[in-house]
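Here is what each chain is made of, one letter per residue.
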Amino acid sequence: MRFRASDPPLEQVVGRNDTLRQILTELDGVPHLGSDELKDARDRAITLELTNRFAHIQNPHAEENALWVQAKRGVLAILRVQPAKDLIEALLQPVTEEHELLWEDIVDKELVTERMRMRKA
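For every chain, the first residue of the written sequence is number 1, and numbering continues from 1 onward in sequence order. The predicted origin of the model limits local features to residues at a pLDDT of at least 70 and limits the giving and counting of side-chain atom pairs to 80 or more, whereas totals for whole chains, interfaces and linings rest on all residues. With hydrogens and water stripped out, all remaining heavy atoms of the structure feed into the side-chain values.

**Let's talk about the overall build of the protein**
Rule in force here: Counting from the N terminus, the helices are the DSSP runs of H or I reaching at least four residues and the strands are the DSSP runs of E reaching at least two. For each residue, the accessible area found with a 1.4 Å probe, counting protein chains only, is set against the maximum for its type, and the residue is called buried under 20%, exposed over 50%, and partly exposed in between. Whether two residues are in contact is decided by their heavy atoms: any pair within 4.5 Å suffices.
In terms of regular secondary structure, the protein is built from six helices and zero strands. If you list the helices and strands of the protein from N to C, you get α-α-α-α-α-α. Counting over 121 residues, the protein shows a buried share of 7%. Counting only contacts in the protein whose residues sit at least 6 apart along the sequence, the fraction spanning at least 24 positions is 33%.

Following this line, the structure appears as structure tokens:
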């Protein structure tokens, strides 16, 4: 693609927030044809590492971390419903109707909180 003198200025075609313009700005502009840097580049192989900084990189352990958080929340909920000296004692206690109602309230609140968190993301 060639630009002619009659073509509109580049700013009018692509705008000031164009991705290519941002990259060229970070590289201190386009090299000039007579520059030593460009002459040297012709004689050597050039390696470019491209990273899409606009892509969201996910944590490879995100799913595992989410499971840990969910398990911790479950343990805390159990301890709120059935308080005891330790987790084993809380788990071994018999479950009453009052415990069931408390558990349902806690789970409902967690679901509402999780939905709100998902909307914000």
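**As for a nonpolar patch on the surface**
Note the cut-off: Patches in this entry comprise residues that are over 30% relatively accessible and not in a salt bridge; like charges within 9 Å are linked, as are nonpolar side chains (Val, Leu, Ile, Met, Phe, Trp, Tyr) within 5 Å. With residues, only the protein chains shown are counted as cover, and all accessible areas are computed by Shrake-Rupley using a 1.4 Å probe. We define a salt bridge as a contact between a side-chain nitrogen of Lys or Arg and a carboxyl oxygen of Asp or Glu at a distance within 4 Å.
The grouping of Val 75, Leu 76, Leu 79, Leu 87 and Leu 91 at the surface amounts to a nonpolar patch, some 390 Å² of accessible area in total. Mapped onto the nonpolar patch, the elements with two or more residues apiece are α4 (62-81) and α5 (87-92). Here the nonpolar patch gets three residues from one element, more than from any other, and that element is α4. Along the chain, Val 75 falls in helix α4.

**Let's talk about the side chain of His 99**
Its place among the elements puts His 99 in helix α6 (residues 97-120). With near-sequence residues (within four places) excluded, His 99 lies in contact with Val 81, Gln 82, Gln 93 and Pro 94.

**Overview of a negative patch on the surface**
The criterion, for reference: Charged-residue counts in this description rest on Lys and Arg as positive and Asp and Glu as negative, His and the chain ends being excluded. Charged groups are reduced to one reference atom each: NZ for lysine, CZ for arginine, CG for aspartic acid, CD for glutamic acid.
A surface patch of negative charge is lined by Glu 97, Glu 100, Glu 104, Asp 105 and Asp 108. Note that Glu 100 resides in helix α6.

**Thoughts on the packing of α4 against α6**
Condition: Axis definition: a line fitted to C-alpha atoms, limited for helices to the stretch in contact. Angles are taken between N-to-C directions and run from 0 to 180 degrees. Throughout, a crossing is termed right-handed when the near helix is turned clockwise from the far one, and left-handed when it is turned anticlockwise from it by less than a right angle.
Running from amino to carboxyl end, α4 crosses α6 at an angle of 145 degrees, the nearest separation of the two axes being 9 Å. The way α4 lies across α6 gives a crossing that is right-handed. Contacts between α4 and α6 involve Arg 73, Gly 74, Ala 77, Ile 78, Arg 80 and Val 81 from the former and His 99, Leu 102, Trp 103, Ile 106, Glu 110, Glu 114 and Arg 117 from the latter.

**With respect to the pattern of salt bridges**
Taken as a whole, this structure holds three salt bridges when the rule is applied. A salt bridge links Glu 110 to Arg 73, with the nearest nitrogen and oxygen atoms 3.9 Å apart. Remark: Arg 73 occurs in helix α4 and Glu 110 occurs in helix α6; sequence separation between them is 37 residues. By relative accessible area, which is 30% here, Arg 73 ends up partly exposed. Across the pair Arg 73 and Glu 114 runs a salt bridge whose closest N-O atoms are separated by 3.4 Å. Of the two residues, Arg 73 is situated in helix α4 and Glu 114 in helix α6; the sequence distance between them amounts to 41 residues. Taken together, the shared-partner salt bridges connect Arg 73, Glu 110, Glu 114 and Arg 117 into one network.

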